[in-house]
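# Commentary on secondary and tertiary structure
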Amino acid sequence: MNYCENGTITDFYILGFSHLKTKQILLSVGIMIMFSLTIVGNLIITLVIGLVPKLHTPMYFFLCNLSVVDVIYVSSSLPKLLFITITQDNRISFAGCIFQLYFFTFSIACDVLVLTSMAGDRYVAICKPLQYTSIMNRRVCASLSALCWTVSAVNSLLMTLLISVLDFCMSREIIYFLCDVKTMIALSSSDTRSREIIMKIEDLVFAFVPFSLTISSYVQIISTILKIRSSETRLKAFSSCTSHLTTVILFYGPVLILYMKPESEYSKEQDNLISLLYVAVVPMLNPFVYSLRNKDVLDAVRNVISRNIVST
Ligand SMILES: *[C@@H]1O[C@H](CO)[C@@H](O)[C@H](O)[C@H]1NC(C)=O
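Residues numbered from 1 in each chain as written. Predicted model: local features only at pLDDT ≥ 70, side-chain atom pairs only at ≥ 80, totals over all residues. Heavy atoms only, no water.

### Considerations on the site of the ligand
To keep it simple, the criterion reads: Neighbouring residues are identified by heavy atoms, a residue being near a molecule or strand if any of them is within 4 Å of it. The term polar contact refers here to a pair of N or O atoms within 3.5 Å; inside protein, the definition further demands a hydrogen-donor-capable atom paired with an acceptor-capable atom, and it admits residues adjacent in sequence only when both atoms are side-chain atoms. The Shrake-Rupley method, run with a 1.4 Å probe, gives the accessible areas here. Residue values count only the displayed protein chains as cover. In this description a helix means any DSSP run of H or I spanning at least four residues, a strand means any run of E spanning at least two, and both kinds are numbered starting from the N terminus.
Around the ligand, the surrounding shell consists of F61, C64, N65, V68, C141, A142 and S145. Taking N65, its side chain carries an N or O atom lying 2.5 Å from an oxygen atom of the ligand. Relative to its free-state accessible area of 360 Å², the ligand is covered by the protein chains to the extent of 70%. Going through the elements one at a time, α2 (58-87) and α5 (138-164) are the ones with two or more residues in the shell around the ligand. Sorting elements by how many residues they give to the shell around the ligand places α2 first, with four residues.

### Regarding the nonpolar core
Stated formally: Buried residues of nine kinds, namely Ala, Val, Leu, Ile, Met, Phe, Trp, Tyr and Cys, make up a nonpolar core once their side-chain atoms join them within 4.5 Å. Working definition: with a 1.4 Å probe on protein chains only, accessible area under 20% of the residue-type maximum means buried, over 50% means exposed, and in between means partly exposed. Residues count as neighbours in contact if any of their non-hydrogen atoms are within 4.5 Å of one another.
In terms of nonpolar packing, the biggest core is built from 76 residues, with F12, M118, I163, I174 and M184 touching the most fellow members. In this structure, I163 is in contact with I98, L101, F168, V181, M184 and I185, ignoring residues within four places of it in sequence.

### Quick word on the layout of surface pockets
So the rule is basically this: Throughout, the protein atoms alone are placed on a 1 Å grid, and a set of points is a cavity if a 1.4 Å probe fits but cannot get out or a pocket if it is open with protein on both sides within 12 Å along at least five of seven lines; lining residues have an atom within 4 Å of a point. Grid points are joined across faces, edges and corners, and a volume is the space filled by probe spheres set on the points. Residue classes follow a fixed rule: Ala, Val, Leu, Ile, Met, Phe, Trp, Tyr, Cys and Pro count as nonpolar, while Asp, Glu, Lys and Arg count as charged, and any other residue, Gly among them, counts as polar.
As a volume, the second largest pocket reaches approximately 660 Å³. Along the walls of the second largest pocket sit 23 residues, with M59, R122, K236, S239 and S240 positioned nearest its centre. Within the residue set of the lining of the second largest pocket, elements represented by two or more residues are α2, α3 (94-127), α8 (231-260) and α10 (295-311). Considering each element in turn, the lining of the second largest pocket owes the most residues, seven residues, to α8. Partitioned by chemical class, the residues of the lining of the second largest pocket number nine nonpolar, eight polar and six charged.

### Quick word on the packing of α2 against α3
Note the following rule: Only the contacting stretch of a helix is used when fitting its axis, a line to C-alpha atoms as for every element, and angles between N-to-C directions run 0 to 180 degrees. Throughout, the term roughly parallel applies to angles under 35 degrees, roughly antiparallel to angles over 145, roughly perpendicular to angles from 65 to 115, and oblique to all others. By definition, any crossing whose near helix is turned counterclockwise from its far helix by less than a right angle is left-handed, and any crossing with a clockwise turn is right-handed.
Packing of α2 against α3 leaves a shortest axis separation of 9 Å and a crossing angle of 160°. One way to sum up the angle between α2 and α3 is to call them roughly antiparallel. The way α2 lies across α3 gives a crossing that is left-handed.

### Describing the state of the cysteines
Rule in force here: The criterion for a disulfide is a pair of cysteine sulfur atoms lying within 2.5 Å.
Going through the model one piece at a time under the given rule, you end up with one disulfide. With a sulfur-sulfur separation of 2.0 Å, C97 is cross-linked through a disulfide to C179. Handedness here is read from the sign of the S-S torsion; for C97 and C179, about -115°, the answer is left-handed. In this pair, C97 sits in helix α3 while C179 sits in the loop between β3 (173-174) and α6 (181-187), placing the two residues 82 residues apart along the sequence. Residue classification places C179 among the buried residues on the basis of a relative accessible area of 0%. The cysteine C64 is free of any disulfide, with C110 supplying the nearest cysteine sulfur at 12 Å. Its relative accessible area of 14% is what places C64 among the buried residues. As a non-bridged cysteine, C127 has C241 as the owner of its nearest cysteine sulfur, 8.5 Å distant.

### Some thoughts on the pattern of salt bridges
Here is the rule we go by: For this document, the term salt bridge refers to a Lys or Arg side-chain nitrogen within 4 Å of an Asp or Glu carboxyl oxygen.
Tallied over the entire structure, the rule returns four salt bridges. Here R91 makes a salt bridge to D11, at a shortest N to O gap of 4.0 Å. In this pair, R91 is assigned in strand β2 (residues 91-92) and D11 in the segment before β1 (12-14), connecting sequence segments 80 residues apart. Taking relative accessible area as the criterion, D11 reaches 27% and is therefore assigned partly exposed.

Given below as structure tokens:
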């Protein structure tokens, strides 16, 4: 109780999955597999898109951005959790926590903004096909992606500074499995009213607005597609959106489920598991969503591999 009086900053304790006593090995193995698949899958996507000129289109450039962000996302969250489940040493230093907070907040925000940019790209491609190349030109895409990265980085810096000046005198036990903004604000013993207002603004800027933009893009896309006469063209137009649409559903779906589920004391642990699936599974699936369904990417991978085999 008197950590704060003597002014020392002590460690935090991450309790996220400590209730799963007998399942720690299973959990470690699961996390390790998901982590490795995410890193490898996303690096392959980045490499393939970089190497194959045919994939140098706005959609694939944004996908490349998404892959890089996903690598940062899992790297900021999973290695520490893996260490905890393996060693059962659940301490995290204040600096470690702040570090994790920065990169985790950054990558979630950047993920959202890049996904929203991709929705914009799909909107222009389907609803304004004739102007597509002039609207989504290189400069626009580069500025859009620079904007995503900058806004996320600045926002995350502000959030991190905000959290780092809070007092944590009451408890140092983190009920979640990583240090994120909501958990830290809930844990803090400082007056958090103004911080809760800031959280509301965050939700508005990084959840409500991007979500609404994405939904309205898709409403227009679908109504445009339905007006297409030829069923072949219709199918072609729709299939150019399915990968992105799948990612959007995977990304927002779990959040909506968590959000709409009634609060209950007992479901904290269950919530943690759903959140873990979210943190670990969604970034892992992205490369598969984009490659398995997509002939361009599969052909490109095949070409890169066969070219390398021929040249060696
Ligand atoms: C992100 O996207 C922009 C514009 O589409 C592209 O120019 C840039 O190379 C991409 N960066 C990464 C790291 O994927």
